[in-house]
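One letter stands for each residue in the lines below.
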Amino acid sequence: MTANIGAYPSLYVPTDLYVRNPVTNVREGSVSAYSLYRQHDVTNALVSNEGKIVTGKDRSGNEWTITVHGPGKVIVTDTTPNDGALDDDIATIQIVGSSLNSTYVTGSTVASTRTTTSGTVRFNRLIAAEGVRSIQLNGFDLTSMVTPAVVEQTGVFLYGGVQVLEFHDVIGLFDTAGNPSPYQIQIGQANSPLRVKPSIYLDSIYNSVYNSEDGTIPTAPVTTPWIQFSVNGVVQEFSIVSATQSALPPNYVTGTQQGTIEVWSGVPTSGPPPAAYQFLYNIVGTTGRTSLQAVGVNNLKVRGSARNFTAQRDTTPFTSSTSGLSHLRRAEFGGVADGLALDVNGPIGKLRFNRGLGDPTAVYTASTQTPATEENPDTQTILLPATYYGTPAGSTGYPAAGLLGGAIRGRTLGSMVAKSNGVSTIAAQNPDYVFLRRIGYPTYTQAPGMAVTNSSVTTTGSIDHVNIDGNQLNSAIASGFDYQAYRQGLQASRSPSRIGSYRQQGDLINSVVTASAQPVNNDYRQGAVFGDGSITGHVTGKAYDTDGRNALSQFGAGVFARRKVGRLPIAP
């Protein structure tokens, strides 16, 4: 019967299989189906899909599927590898026999039908010795909190490189009482530079560091990188939603085994901590450092907030003259960028901060002394403005703790845009004009809030354009300023520079904008030594000196350069 096949069933005989790119959906060519079939071979592609399509589910019932398109296979082991079924969290995803040019790995998840879940699946590590063109694991979370626990180091290890890496979240809760290991997301090897420029797309990075056996409230910033991206090459695009501490208290998550049991006796029992307990979960003291280590970065985008985030070539930024990226073409932050460090040896193209650089919450601009009274014979210091009173302890950012909200250095800067973190409401000083519409209801007007707080932006060369919509507080923007020399205690202003266009809709509060200028004894109020520098621009507000020190440890406020064109005030 099979010897003489007529023409009518030929439609059902496989001939050519067209292959489409799973990313672009573009047809890549065709593969001869006959060439794939080999008699008496049960492992060929037309008989078995072993290693090409792997499925499983976790204990909650969330189902997952990983598919390999093109050369290579995938080996998946769960946290209980000896039970013969993939029915737990994933321990290791290993890709073997892949190609950097033609292997595409896709993953998807389906939420449980038995119980209400987020539909995400946890995995502990991802490994590929050879290169992979694209890895897209939608709904997969990288975390060490897989159950049952495993002893392998958590991370992503793509030694052969990858062009596109994408998965859901990185969930890192590091209890230092148990000596945890940082997460490593490594692309490439130290002795083999990448031939491609990887693009990394993630949702949220949750990075919390705490000690379950220490009752002391954490206040010191976490400077050791706990989630570290190491790319031995140029990053084409690094795009994430946010990099912050965990949305839930880490001691609650670990104490209840991720909310599955009710044994933790702390407060609160679920949800984010209320204001009364925020100090136990201090933002500055428990937010782990997220580090991007690469040769250079073309595009860096954070759609939400980025806290304690650094980008540099070395492990730690600003450690030497060669610790910075070779270049940073574009960086954009949609939320608050706080505790941010961008160390760049070469040029910086564009910087954009849609919610400001540095968190201004509870950062006071001045103080006053209240005289003694009969009821209170002691003189008290009152911080101004008083509108910041009542901010829950622990919910403030790095500037409120006396730390830098941001530090950025480069050789040159093309453009920088910084918008205000919020708005300020102002009422009339004359009491006759406070209630214009209704008695008992003050009439307010709005003004831009803080745009740059406790931050420094420095370049050894020139800056083309700066546009700030808001106030600068305790900050400095300086061209012709060698930041590395400043950190070593040497003279920082050395080379000629200019700021081609400086526009600010707001005030300069204990802040300076300089071009090749050096203050006398770190105090612009005592005078300045001017090099060959020029600034052209317009500041709509004023310069206020409230005896505060900026991010470069300088006193004074205003715009300083040998040549100035436009309205560029200096505080009296």
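Residues numbered from 1 in each chain as written. Predicted model: local features only at pLDDT ≥ 70, side-chain atom pairs only at ≥ 80, totals over all residues. Heavy atoms only, no water.

1. Remarks on the overall build of the chain
Counting secondary structure elements, the chain contains 4 helices and 45 strands. Counting every position in the chain, which comprises 572 residues, the buried fraction comes to 47%. For the chain, contacts bridging at least 24 residues in sequence account for 68% of all contacts bridging at least 6. (Helix = DSSP H or I, 4+ residues; strand = E, 2+ residues; numbered from the N terminus. Buried < 20%, exposed > 50% of the residue type's maximum accessible area, 1.4 Å probe, protein only. Contact = heavy atoms within 4.5 Å.)

2. A closer look at a nonpolar patch on the surface
Residues Ile-217, Phe-279 and Leu-280 make up a contiguous nonpolar surface patch of about 240 Å² in total accessible area. Note on placement: Ile-217 falls in the loop between strand S16 (204-210) and strand S17 (225-231). (Patch = residues over 30% accessible without salt bridge, like charges linked within 9 Å, V, L, I, M, F, W, Y side chains within 5 Å. Areas by Shrake-Rupley, 256 points an atom, 1.4 Å probe, with all protein chains shown as cover. Salt bridge = Lys/Arg side-chain N within 4 Å of Asp/Glu carboxyl O.)

3. Brief notes about the pairing of strand S33 (residues 455-459)
Across the 5 residues that make up S33, a large majority, 5, are buried. Alternating positions in S33 separate into two faces, Ser-455, Val-457 and Thr-459 on one and Ser-456 and Thr-458 on the other, with burial throughout. The sheet contact formed by S33 and strand S36 (residues 476-479) spans 4 bridges and is parallel. Each bridged residue has a counterpart across the sheet, and for Thr-459 the counterpart in S36 is Ser-479. (Pairing = 2+ DSSP bridges.)

4. Some details on unusual backbone geometry
Omega for the bond connecting Thr-147 with Pro-148 falls within 30 degrees of zero, at -15°, which places this linkage in the cis form. If you trace the backbone, Pro-148 turns up in the loop between strand S10 (140-143) and strand S11 (155-158). For Asn-179, which is not glycine, the phi dihedral falls at a positive 50°. Here Asn-179 shows up in the loop between strand S13 (170-175) and strand S14 (183-187). The exposure class assigned to Asn-179 is exposed, which follows from its relative accessible area of 67%. Even without a glycine there, the phi angle at Asn-454 is positive, about 50°. Topologically, Asn-454 is positioned in the loop between strand S32 (450-453) and S33.

5. Some words on the environment of Pro-448
Positionally, Pro-448 belongs in strand S31 (residues 444-448). Residue class for Pro-448 comes out partly exposed when judged on its relative accessible area of 28%. The spacing of Pro-448 and Lys-419 is 29 residues in sequence and 8.6 Å in space, taken between C-alpha atoms. Excluding residues within four positions of it along the chain, Pro-448 makes contact with Ser-420, Gly-422, Val-423, Ser-424, Asp-469, Gly-470, Asn-471 and Gln-505.

6. Considering the packing of aromatic side chains
Describing an aromatic ring pair means giving the distance of the ring centres and the angle of the ring planes. The full count for this structure, using the stated rule, is 14 aromatic pairs. Pairing Phe-333 with Phe-353 gives two aromatic rings, centres 5.4 Å apart and planes at 5°, and the pair type is stacked. Residue Phe-333 is located in strand S23 (residues 328-333), and its partner Phe-353 is located in strand S25 (residues 348-353); the two are separated by 20 residues in the primary sequence. Residues Phe-481 and Tyr-486 carry aromatic rings whose centres are separated by 5.7 Å and whose planes lie at 50° to one another, so their mutual orientation is tilted. Phe-481 sits in the buried class, given a relative accessible area of 3%. Following the ring pairs from residue to residue traces out a cluster consisting of Phe-318, Phe-481, Tyr-483 and Tyr-486. (Phe/Tyr/Trp six-rings, centres within 6.5 Å; stacked < 30°, edge-to-face > 60°.)

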